[in-house]
Amino acid sequence: MRIFGLIATVCTGTFLAMPLAAEVVEQTKGKFVDKFGQLEEHLPTPNVYRTGSGAPGHKYWQQQVDYKIKVQLDEKTRKIHATEAVSYTNNSPDTLPYLWVQMHQNRFSKHSDAVATIERGSKASKKMRYGALRFLSQTKSKDWGFHVKYLRSGSTDLKYTVNDTMLRIDLPKPLKPGATVKFDIGWWFNIPEGKAMGARGGFENYKRHGNDIYFIAQWFPRLAAYTDLKGWENKQFLGSGEFTLEFGDYDVEITVPADHIIGSTGELQNPRDVLTKTQQARFEKAKTSDRPVFIVTREEALENEKEGTDKTKTWHFKAKNVRDFAFASSRKFVWDAIGVKLPDSGRTVMAMSLYPDEGMPLWDKYSTHAIAHTLDTYSRYSIEYPYPVAWSVLGPIGGGMEYPMITSNGPRPVITKKDGKETRSYTRRAKYGLISVVIHEVGHIYFPMVINTDERNWSWMDEGLNSFLQTMAEREWEEYYPTRYGHPRTVIPYMTSPNQVPIMTQSDSIIGFGPNAYTKPAVALNILRETIMGRELFDFAFKEYARRWKFKRPYPADFFRTMEDASAKDLDWFWRGWFYTTDHVDIAISGMTHARISTKNPDVENDIKRAKELEDRIYIGETRNQQLGMKLRTDKFPELLDFYNENDKFTVTEKEKSAYKAKIKGLKGWEKELLAFGHELYFIELKNIGGLVMPVTLDIEFADGSNEEVRIPAEIWRRNAHTVTKLLVREKKILKVTLDPYHEIADADTSNNVWPTEFQESRVELFKRKASRNMMKEVMDGKAKAAEEAKEAEKGADKG
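Presented here is an overview of the structure given in this document. Not measured: the values here are computed from a predicted model. (Residues numbered from 1 in each chain as written. Predicted model: local features only at pLDDT ≥ 70, side-chain atom pairs only at ≥ 80, totals over all residues. Heavy atoms only, no water.)

### Considering the overall build of the protein chain
Step number 1: Secondary structure assignment for the protein chain yields 21 helices and 38 strands.
Step number 2: The C-alpha radius of gyration of the protein chain comes to 36 Å, more than 25% above the 28 Å expected for a compact globule of 800 residues.
Step number 3: Here the C-alpha coordinates of the protein chain stretch approximately 125 × 90 × 55 Å along the principal axes.
Step number 4: Within the protein chain, the proportion of its 800 residues that are buried is 49%.
Step number 5: Look at the contacts in the protein chain between residues 6 or more apart in sequence, and 75% of them connect residues 24 or more apart. (Helix = DSSP H or I, 4+ residues; strand = E, 2+ residues; numbered from the N terminus. Rg over C-alpha atoms; globule rule 2.2 N^0.38 Å. Buried < 20%, exposed > 50% of the residue type's maximum accessible area, 1.4 Å probe, protein only. Contact = heavy atoms within 4.5 Å.)

### Side note on unusual backbone geometry
Step number 1: Cis geometry is adopted by the peptide bond preceding Pro448, which originates at Phe447 and carries an omega value of 20°.
Step number 2: Relative to the assigned elements, Pro448 resides in the loop between α8 (428–443) and α9 (460–475).
Step number 3: Here the bond from Trp755 into Pro756 is cis, since omega is -5°, no more than 30 degrees from zero.
Step number 4: With respect to the helices and strands, the residue Pro756 is situated in the loop between β38 (754–755) and α21 (775–799).

### Some details on the packing of aromatic side chains
Here a ring pair, both rings aromatic, is described through the centre-centre distance and the interplanar angle of the planes.
Step number 1: Counted by the stated rule, this structure contains 53 aromatic pairs.
Step number 2: With 6.0 Å between their ring centres and 40° between their planes, Tyr355 and Trp363 make a pair best called tilted. Residues Tyr355 and Trp363 agree in their burial class; the two are buried.
Step number 3: Over the ring of Phe243 we find Arg222; its NZ or CZ atom is 4.8 Å from the centre of that ring. (Phe/Tyr/Trp six-rings, centres within 6.5 Å; stacked < 30°, edge-to-face > 60°. Lys NZ or Arg CZ within 6 Å of the ring centre and 35° of its normal.)

### Observations regarding the pattern of salt bridges
Proximity of charged atoms lets side chains of opposite charge pair with each other.
Step number 1: Per the stated rule, a full pass over the model turns up 50 salt bridges.
Step number 2: Between Glu422 and Arg424 there is a salt bridge; the shortest N-O distance is 2.8 Å.
Step number 3: Taking the relative accessible area as the measure of exposure, Glu422 reaches 36% and is therefore partly exposed.
Step number 4: Linking Glu613 and Lys649 is a salt bridge whose minimum nitrogen-to-oxygen distance equals 3.0 Å. (Salt bridge = Lys/Arg side-chain N within 4 Å of Asp/Glu carboxyl O.)

### What about the sheet that holds strand β20 (residues 261–264)?
Step number 1: Spatially, 4 strands are ordered β14-β15-β24-β20 in an open sheet, and the strand pairing comes out antiparallel. Pairing within the sheet leaves two strands with one partner each, and these edge strands are β14 (202–205) and β20. Across the sheet, the mean angle from the axis of one strand to that of its neighbour is 15°, orientation sign disregarded.
Step number 2: Summarising the sheet, strand β15 (residues 212–216) and strand β24 (residues 327–330) pair through 3 bridges and their orientation is antiparallel. The partner of Ile216 across the bridge, within β24, is Phe327. (Pairing = 2+ DSSP bridges. Axes fitted to C-alpha atoms, helices over the stretch in contact; angles between N-to-C directions.)

### Re the packing of helix α11 (residues 513–532) against helix α14 (residues 572–580)
Step number 1: Contact pair α11 / α14: the axes reach a minimum separation of 11 Å and the direction vectors enclose 155°. When the interaxial angle is binned, α11 and α14 end up roughly antiparallel. Read as a crossing pair, α11 and α14 show a hand that is right-handed. The segment α11 lies against α14, with Lys520, Pro521, Val523, Ala524, Ile527, Leu528 and Ile532 engaging Trp573, Phe574, Trp575, Trp578 and Phe579. (Parallel < 35°, antiparallel > 145°, perpendicular 65-115°, else oblique. Left-handed = near helix turned anticlockwise from the far one by under 90°.)

Spelled out as structure tokens, the structure:
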């Protein structure tokens with residue numbers, strides 16, 4: 001051991017580490033596990049399309065797909081009838097003999113892979129959820145999925161093949177680089193009931209007046225992505241892995257019953273045709289209001305839903321540079337809006353909500369405010385929101401789902417009726433659930449609707465990054481907001497579970513989708529920001545990643561590389577541990593030794609050694625003899641005492657003093673200063689039990705009542721990922737050391753984080769053993785109750 005200055009790190013024990021593939025690397029001597037090995041050998045090789053810095057290359061390309069769609073919502077039959085004209089431009093350097101089209105409504109077909117591979121029951125438990133059986137029965141009740149009426153280019157029918165949720169168009173001639181092909185598709189499908197089918201869109205029927213709310217998504221044949229890294233992204237849609245799409249311009253005409261209100265991707269082109277003058281005036285007022293303004297009031301919505309109509313209206317929307325399109329439609333909608341001025345450009349974005357009367361008093365209070373808050377916070381931490389509108393709709397799916405400029409969200413108030421009187425309230429869970437889901441789903445308009453990640457394969461790239469930013473927005477909503485993803489403790493049960501897979505797992509193969517794709521990456525990024533990189537470095541790098549990949553398609557390597565490139569932080573150990581393994585965090589203080597620098601002066605050192613020996617020689621036998629007053633032989637015969645009784649082995653001799661003086665004389669000035677160094681030395685032994693190497697934060701409590709925070713980077717583990725000893729040199733005496741005092745690294749076991757070890761506080765709940773079932777009494781009580789009810793009924797009949 002060498003002490004450099006005042007602090008040194010000592011590595012003890014056998015060298016251990018864990019490469020990416022978790023194999024042990026055999027060495028000539030010992031076994032070394034490299035937790036700090038570089039990831040480059042596992043990441044795609046940089047090229048002209050994607051650079052080693054994580055930025056798009058100088059020859060980066062992506063395809064362009066433009067759509068012109070006319071769609072009719074048939075409310076009576078609950079069907080969609082539509083046609084689309086598609087313009088596909090091949091910006092790749094490759095010649096394409098065919099195109100792949102996503103047909104995601106086919107997921108609900110009874111013959112689909114999604115239905116065939118669904119697991120909803122357990123033979124062992126002999127249990128099945130009502131919802132699971134409902135879903136399976138619904139898939140057999142109708143002919144779900146797309147029904148293609150035609151697919152042609154001009155007047156020529158195109159040959160196509162449907163493979164489950166994908167359709168291949170065989171082109172008459174290969175599409176060369178830089179060329180464009182145009183074709184038309186006509187189709188229809190039955191609209192699924194959102195909750196019953198576990199759909200991301202569909203309808204929900206409300207009992208009052210029998211009206212529906214529609215949220216129409218995955219409703220048109222969409223071109224699959226063709227990328228530089230994977231070619232055609234044509235993996236089948238099984239339900240978990242979401243969407244990988246191309247950007248394009250949309251021109252969409254939506255025909256619905258004339259009394260419907262629509263919210264949609266894009267900007268409304270014909271407000272005079274579909275809105276009243278009053279609604280148009282309110283919309284203009286909302287642009288500059290500091291509070292949400294009702295475009296359609298509750299009273300107007302209630303009146304509107306009383307009667308249907310056979311008349312129709314066509315709403316015309318256009319959207320530039322979006323990767324998808326969705327819309328919501330109903331006669332039940334209340335509509336409120338507010339203009340949000342963005343922090344950088346000062347541009348105004350319309351934040352708007354659609355919800356029925358049944359959504360009040362919750363939705364009118366929080367939905368639009370949550371949109372506005374998201375636009376403000378996300379625009380500061382990533383990119384400025386690029387679109388003109390952002391919608392939150394109380395949709396038919398229960399949870400939340402996102403599309404460009406429009407989201408479907410589920411939480412709602414509780415409505416009870418008693419004695420003809422209606423009472424409305426909302427739970428704490430519904431309140432924060434609504435705020436959070438709106439933040440989350442509107443946040444998805446940034447990730448992946450603008451930063452266009454591959455959801456089909458890497459769910460964490462949109463769910464995880466978005467959940468992280470969601471926690472940032474929630475912390476700016478109110479103090480100690482009950483966030484689901486922000487606190488490191490939320491991920492500990494999953495990270496210590498035997499039933500888990502690494503974050504870098506294809507979306508449909510994930511075990512524990514929520515904690516894996518949402519919670520764990522969100523916690524990881526919070527730790528990266530608060531503990532490892534620091535806010536300034538992290539925020540710059542994260543914003544640079546968003547800026548680089550705005551309206552482009554990043555993959556995991558692009559994110560990893562950008563975060564390092566923009567911060568000058570080697571984070572390969574972090575990506576390796578958190579994203580490629582199932583290790584967890586459990587770092588323990590396994591011991592602590594207190595020491596001082598030896599002065600080499602025998603007058604000083606021998607006194608210390610004497611005191612130590614006097615302490616060590618205490619033994620119960622000697623102690624009890626002394627307590628009994630036992631007479632010793634030397635008490636009776638004192639002549640037995642001699643020189644060695646008068647001088648113990650620590651008595652300093654002149655020879656020792658002379659040797660000390662000679663040694664001191666031969667030292668340099670700075671060496672003499674170190675010998676006189678009067679500070680306390682503490683050797684803190686740290687043990688990595690969970691496997692993940694992490695920074696170590698210590699709270700040091702001194703004898704004088706003061707405290708000190710010590711932060712040690714993760715690189716302390718680079719030579720030994722299992723055990724290290726940290727040396728602290730201090731002027732004051734240390735009483736207590738606490739590891740991870742701010743609970744910032746997701747340490748799974750905090751009972752080993754304090755030295756000296758402390759008692760762990762807990763609670764014990766007393767209970768009584770349940771009485772065994774008395775079937776005879778149940779039958780007797782049932783008969784007595786039935787007799788009483790019959791008697792009461794007889795009295796009522798006599799009175800009548």
